[in-house]
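Geometric and topological summary
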Amino acid sequence: MSTPNGPQDPYQPSGENPYGQQPPVYGQQPPVYGQQPGYPAAPSPGYGYGTPQGAPPPNYLVWSIITILLCTIPGIVAIVFSTQVNSKWGMGDAAGAYDASKKAKTWALVGTILGAVGLVVYIGLMVAGVFASTATYDWNS
Amino acid sequence: MEPSRPLRSARGRALLGPLGMAVVTAAAAVVVATVDPNQPGHYPTCPSLLVTGLFCPGCGTLRAAHALLHGDLVGALQMNVLAVLVIPVVLASWVAWLRRAATGRPRSWLAPWWVPAGTLALFVAFTVARNIPALAPWLAP
């Protein structure tokens, strides 16, 4: 993470509206985490109490839940980072919250890819007849 | 410089996320509603169930979705209580995602830390409990 170019004034009249650029537009550049409005506006980024100003980072909790329902372990790691997003934001640690958000997204993505790849490989093996005799779970046992 | 034009196309692209997700989910719902997961051979057995013999927190989600799509709420709850309870959360989260994409306004609120932490605890407890034979009649798929 590079250092921000200096405190950004979220209400600068000349530039574009920073709020218009905040939601993560997939496929575009990731948001620059030092630039969310309100973050180091004050010289000391407070580690005290009170939430920071500006938009909180996404914690990807619902995405993590869905990957857990796909039986993938990385979803659990993602939820741990989701918790960190909320707790760090709640303590005023905006940079830490954005960092945890990035990690939660990575792990949720890993879980999703693992689930998708696992399913494709598995169906491929099934079609190839590798599990011919064992591939069904007996729900009545 | 024309700030409104690129902003509008970015907004349009932001809408692709939630709308695309809705289309994919609707297509999956049609498949799950018409192809019965209760019939053996329609879907492959989950690899993690086949390998470990344990019920992961997502086990029974497909059959729960099938039951729900046929109006059988009790049957769905019997298959996977947690997956059914998660559905309203997922829907609310999708509506919030759609609204953020449509308005371009960033999120303004983050739940307290114990919401994701509690979710994690709930999923871990559910996974353990549904693999305990005494609780299986209620929690196992």
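Everything discussed here concerns the structure shown above.
Computed from a predicted structure; not experimentally measured. (Residues numbered from 1 in each chain as written. Chains lettered and ligands numbered in written order. Predicted model: local features only at pLDDT ≥ 70, side-chain atom pairs only at ≥ 80, totals over all residues.)

Per the secondary structure count, chain B includes seven helices and zero strands. In sequence order, chain B lays out its α and β elements as α-α-α-α-α-α-α. Against the 2.2 N^0.38 benchmark of 14 Å for 141 residues, chain B shows a C-alpha radius of gyration of 19 Å, more extended than a compact globule. Once the C-alpha set of chain B is aligned to its principal axes, its extents read approximately 65 × 40 × 30 Å. (Helix = DSSP H or I, 4+ residues; strand = E, 2+ residues; numbered from the N terminus. Rg over C-alpha atoms; globule rule 2.2 N^0.38 Å.)

To continue, consider the environment of T52(B). Relative to the helices and strands, T52(B) is located in helix α2 (residues 47-52). Sequence spacing of T52(B) and T119(B) is 67 residues, and the spatial spacing of their C-alpha atoms is 24 Å.

In a soluble, globular protein the nonpolar side chains are often hidden away together inside. By size, the foremost hydrophobic cluster in this structure holds 42 residues, and its most contacted members are I65(A), A78(A), A104(A) and A64(B). Taken together, the elements giving at least two residues each to this core come down to α1 (61-69), α2 (74-90) and α3 (94-127) of chain A together with α3 (61-69), α4 (73-79), α5 (81-103) and α6 (114-130) of chain B. With residues up to four places along the chain from it excluded, the contact list for A64(B) reads A76(B), M79(B), N80(B), A83(B) and V84(B). (Core = buried A, V, L, I, M, F, W, Y, C linked by C-beta atoms within 7 Å. Buried ≥ 20, exposed ≤ 12 C-beta atoms within 10 Å, placed from the backbone. Contact = placed C-beta atoms within 7 Å.)

Right, let's get into the interface of chain B and chain A. Across the contact, 40 residues belong to chain B and 35 residues belong to chain A. The biggest single contributor to the side of chain B that touches chain A is α5(B), with seven residues. Residues of the side of chain B that touches chain A, tallied by class, amount to 27 nonpolar, nine polar and four charged. (Nonpolar A, V, L, I, M, F, W, Y, C, P; charged D, E, K, R; others polar.)

All right, on to α3(A) then. Residue and element names in this part refer to chain A. For α3, built from 34 residues, the straight-helix expectation of 50 Å at 1.5 Å per residue is met to within 8% by its first-to-last C-alpha distance of 49 Å. Buried within α3 we find A94, A97, Y98, A100, S101, A104, K105, W107, A108, G111 and G115. Its buried side turned inward, α3 meets α1 and α2. The first or second residue beyond α3 is G129, which carries a positive phi of 85°. (Expected span 1.5 Å × (residues − 1).)

Before going further, it helps to examine the packing of α1(A) against α3(A). All names here are of chain A. Contact geometry for α1 and α3: axes closest at 9 Å, N-to-C directions at 30°. Classified by the interaxial angle, the pair formed by α1 and α3 is roughly parallel. By crossing handedness, the relation of α1 to α3 is classed as left-handed. In this structure, α1 contributes W63, S64 and T67 to the contact, and α3 contributes A104, A108, G111, T112 and G115. (Axes fitted to C-alpha atoms, helices over the stretch in contact; angles between N-to-C directions. Parallel < 35°, antiparallel > 145°, perpendicular 65-115°, else oblique. Left-handed = near helix turned anticlockwise from the far one by under 90°.)

As a further point, take the environment of V85(A). All names here are of chain A. With respect to the helices and strands, the residue V85 is situated in helix α2. As a C-alpha pair, V85 and P57 span 28 residues in sequence and 7.3 Å in three-dimensional space. With residues near it in sequence (within four places) discarded, V85 still touches P57, N59, A97, A100, S101 and A104.

What follows concerns unusual backbone geometry. All names here are of chain A. Despite not being glycine, Y60 has its phi angle at roughly 55°, a positive value. Take Y60: it is sitting in the segment before α1. Its 27 C-beta neighbours within 10 Å are what place Y60 among the buried residues. Located in the positive-phi region is C71, a residue other than glycine, with phi close to 65°. The topology assignment puts C71 in the loop between α1 and α2.

From the geometry alone we can't say anything about function, so treat these as descriptive.
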